[in-house]
Amino acid sequence: MVWRGLTGRAAIAIEPLAGTLFFSLLTWGVVWRAQHVEPSLIVLSPIFALGALAFMVYLIAVMVAPIRAYWHTFKPIYRVDGYVRYRGPDVSSEDESTGYVAVLFEDRGLACEWECFGKACLPELTLAAFVEFSAYGGIHAIDGKPTGILPDDELPTLAIGIASRH
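Let me sum up the structure you'll find in this document.

Rules used throughout
- Residues numbered from 1 in each chain as written.
- Predicted model: local features only at pLDDT ≥ 70, side-chain atom pairs only at ≥ 80, totals over all residues.
- Heavy atoms only, no water.
- Core = buried A, V, L, I, M, F, W, Y, C linked by side-chain atoms within 4.5 Å.
- Buried < 20%, exposed > 50% of the residue type's maximum accessible area, 1.4 Å probe, protein only.
- Helix = DSSP H or I, 4+ residues; strand = E, 2+ residues; numbered from the N terminus.
- Contact = heavy atoms within 4.5 Å.
- Polar contact = N/O pair within 3.5 Å; in protein donor to acceptor, adjacent residues only side chain to side chain.

**Digging into the nonpolar core**
Core analysis: the biggest nonpolar cluster contains 11 residues, these being Val80, Val84, Val101, Val103, Cys112, Trp114, Cys116, Ala129, Val131, Phe133 and Ile139. Breaking this core down by element, the ones donating at least two residues are strand E1 (78–87), strand E2 (97–104), strand E3 (110–117) and strand E4 (125–134). For cysteine 116, the residues in contact, after removing those within four places along its chain, are Ser97, Thr98, Gly99, Tyr100, Val101 and Leu122. Counting residues in hydrophobic clusters, the runner-up holds 5 residues, among them Ala13, Leu59, Val62 and Met63.

And the structure:
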């Protein structure tokens, strides 16, 4: 799933990669030409170098999140026979926060907690459950029932058309 998202984002990143290469070659070409033929052309090279730098920043911005998500897939998925705790927001919560959901061990020690965002505040509730979760991805399943973090079906090729699905 994450690999497919990474490759889809890499397909989008072809544009900034091509821009980076094109403007880098323009910069190199202007500098080379200025050394051999026309010295006054050298003033254009910083403009093209800034264009190459801008496309490089764009490329990095496009690829950071999916690469980070991909590296998180090498971290373990935990299964805990313990509790799921819901609680409302506190003073350290973000403005739009609706509270927190946490996985607790059987001795009610905290395993992991995530801040939630939605329309209604979470109730103060603790339920016994068999929970599957990852620190990065959240709770994948509670008592064997998927939570919706991971899609049930296969993603389309390069994730094209996923935004229109409900």
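**Re the side chain of arginine 87**
Within the fold, arginine 87 resides in strand E1. With a relative accessible area of 18%, arginine 87 lands in the buried category. Polar contacts involving the side chain of arginine 87 include one to the side chain of aspartate 90, which spans 3.2 Å. Only 3.0 Å separates the side chain of arginine 87 from the side chain of glutamate 113, close enough to count as a polar contact. Leave out the neighbours within four places in its chain, and arginine 87 touches Thr98, Gly99, Tyr100, Glu113, Leu122, Pro123 and Glu124.

**A short note on the environment of glutamate 132**
Relative to the helices and strands, glutamate 132 is located in strand E4. By relative accessible area, which is 22% here, glutamate 132 ends up partly exposed. Separated by 10 residues in sequence, glutamate 132 and isoleucine 142 place their C-alpha atoms 6.5 Å apart. Setting aside anything within four residues of it in sequence, one finds glutamate 132 in contact with Ile77, Tyr78, Arg79, Gly138, Ile139, His140 and Ala141. One polar contact links glutamate 132 to arginine 79, side chain to side chain, over a distance of 3.1 Å.

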